[in-house]
Amino acid sequence: MDLGLRGQTALITGGGRGIGRGIALSLAAEGVDVAIAGRNPESATEAELRASGGRVVSIAVDVSRKREVVRMVETAIGELGHLDLFVNNAGGHWHEPVTRLTEQNVNHTLDTNLKACMWACREVARHMVERRRGSILIVASTIQFNPAYGESAYRISKVGLRAFAETLALELGPLGIRVNSLSPGLFPTRLGANLERAVADSELGPSLLRSIPLRRLGEPVECGPAAAMLLSDRVAGYITGADLVVDGGFHLRPLVLMTEDEILSMNLSPGRPSGDGETD
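Here goes a summary of the coordinates provided. (Residues numbered from 1 in each chain as written. Predicted model: local features only at pLDDT ≥ 70, side-chain atom pairs only at ≥ 80, totals over all residues. Heavy atoms only, no water.)

**Digging into the overall build of the protein**
- On a plain count of helices and strands, the protein comes out with ten helices and seven strands.
- Rg of the C-alpha trace for the protein: 21 Å, near the compact-globule value of 19 Å for 280 residues, within the 12% margin.
- By element, 53% of the accessible surface of the protein is carried by carbon and sulfur atoms, the whole surface being about 14,500 Å².
- A distance of 7 Å separates the average location of the 29 positive side-chain charges in the protein from that of its 33 negative side-chain charges. (Helix = DSSP H or I, 4+ residues; strand = E, 2+ residues; numbered from the N terminus. Rg over C-alpha atoms; globule rule 2.2 N^0.38 Å. Areas by Shrake-Rupley, 256 points an atom, 1.4 Å probe, with all protein chains shown as cover. Lys, Arg positive; Asp, Glu negative; His and termini not counted. Charge placed at Lys NZ, Arg CZ, Asp CG, Glu CD.)

And the structure:
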């Protein structure tokens, strides 16, 4: 499907690897000129993006620093001429149980995940308001639905992103700017590297996969088409303030009281419903 994005421009934070890379590749395939921003520009990702034939700009930035975030947006606009699309994807986490929380790690988590998004969206919104058009996508997380051990600051930051996206959508909608969020589930990215180890664990792995209805971890590239769809005015022109969950059903987290064989057999051989109320 042609999403109508050809010729547009996009800035993607954390666009060199993981989910950000998947989004960048999908946008480039649609003919979007992209600026990818991160601590260490990924030359391999740049090469992949250039293979799509569009323009690629790489920006080195530490998003935990406000001044660098402001400079990042200025650089992207200067290099690309303008911004049609912005994807806030960069993030990090520093796990600490609540009795061992440190001010340094809490601040670093909030600076990197939440405040960086607020400063970037402020600068991007100022630019888009002048043009009365644009689309913003904020990458949140299904941790807003599923608390995790040791991730109090991380969860606060991601819940905050969702709340911020709603406020942006409310304020910027009348000015022609759509804002949505995308919430990935369990993906084996650099931030989620421990997931692969957990899945490989003979005791933990089966239990973890059983909590996902599709019975597997996601692939980062699977977030790309979902993100491109939300950014497209042609496909999602009347969608703003929404949150698209891409998690294989993980947010459902069923109460597992059955074996895997029992779960599968429920619908593999459907028969006549019991207690269907029929009488002779």
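**Some thoughts on the pairing of strand β1 (residues 9–13)**
- Burial within β1 is extensive, with five of its five residues counted as buried.
- Neither face of β1 is exposed, since Thr9, Leu11 and Thr13 on one face and Ala10 and Ile12 on the opposite face are all buried.
- Examined bridge by bridge, β1 and strand β2 (residues 33–38) share five bridges and lie parallel to one another. Opposite Thr9, over in β2, you have Asp33 as the bridge partner.
- The β-α-β motif built from β1, the intervening helix α1 (residues 18–29) and the parallel element β2 has right-handed crossover chirality.
- In this structure, β1 lies alongside strand β4 (residues 85–88), joined through three bridges in parallel fashion. (Buried < 20%, exposed > 50% of the residue type's maximum accessible area, 1.4 Å probe, protein only. Pairing = 2+ DSSP bridges. Right-handed = clockwise from strand over helix to strand, strands pointing away.)

**What to know about the side chain of Asn89**
- Following the sequence through the fold, Asn89 ends up in the loop between β4 and α4 (103–131).
- In this view, Asn89 contacts Thr13, Gly14, Ile19, Gly20 and Val139; residues no more than four positions away in its chain are not counted. (Contact = heavy atoms within 4.5 Å.)

**Examining the nonpolar core**
- Grouped together as the largest cluster of nonpolar side chains are 34 residues, with contacts concentrated most on Leu11, Met72, Ile136 and Ile138.
- At the level of secondary structure, the elements contributing two or more residues to this core comprise β2, β3 (56–60), α3 (66–80), α4, β5 (134–139), α5 (152–172) and β6 (177–184).
- For this core, the element with the most residues is α4, which contributes eight residues.
- Setting aside chain neighbours within four positions, we find Met72 in contact with Leu11, Thr13, Ala37, Ile59, Val61 and Ala120.
- Core analysis: the second largest hydrophobic core is formed by 28 residues, Ile19, Leu49, Val139 and Cys223 among them. (Core = buried A, V, L, I, M, F, W, Y, C linked by side-chain atoms within 4.5 Å.)

**So, the pattern of salt bridges**
- Under the criterion given, the structure shown has 15 salt bridges.
- Between Arg133 and Asp84 there is a salt bridge whose closest N-O contact spans 2.5 Å. Here the residue Arg133 occupies a position in the loop between α4 and β5, and Asp84 occupies one in the loop between α3 and β4, the gap between them amounting to 49 residues.
- Taking the relative accessible area as the measure of exposure, Arg133 reaches 32% and is therefore partly exposed.
- The salt bridge partner of Glu166 is Arg162, with a shortest N-O separation of 3.4 Å. Pair noted here: Glu166 and Arg162 are both in helix α5, with a separation of four residues, about one helical turn. (Salt bridge = Lys/Arg side-chain N within 4 Å of Asp/Glu carboxyl O.)

**A look at the side chain of Thr13**
- For Thr13, the position within the fold is in strand β1.
- Among residues more than four places away in sequence, those in contact with Thr13 are Ala37, Met72, Phe86, Val87, Asn88, Asn89 and Ala90.

**Points about unusual backbone geometry**
- Here Arg132, not a glycine, exhibits a phi torsion of approximately 55 degrees, which is positive.
- Examined against the element boundaries, Arg132 turns out to sit in the loop between α4 and β5.
- The backbone of Arg215 sits at a positive phi, close to 65 degrees, despite the residue not being glycine.
- On the basis of relative accessible area, Arg215 is assigned to the partly exposed category, the value being 28%.

**Description of the packing of α4 against α5**
- Packing of α4 against α5 leaves a shortest axis separation of 9 Å and a crossing angle of 15 degrees. Relative to α5, the element α4 is oriented roughly parallel. In terms of crossing hand, the pair formed by α4 and α5 is right-handed. In contact with Val106, Thr109, Leu110, Asn113, Leu114, Cys117, Met118, Cys121, Ala125 and Val129 of α4, α5 contributes Ala153, Tyr154, Ile156, Ser157, Gly160, Leu161, Phe164, Leu168 and Leu172.
- The class makeup of the residues in the contact of α4 with α5 is 15 nonpolar, four polar and no charged. (Axes fitted to C-alpha atoms, helices over the stretch in contact; angles between N-to-C directions. Parallel < 35°, antiparallel > 145°, perpendicular 65-115°, else oblique. Left-handed = near helix turned anticlockwise from the far one by under 90°. Nonpolar A, V, L, I, M, F, W, Y, C, P; charged D, E, K, R; others polar.)

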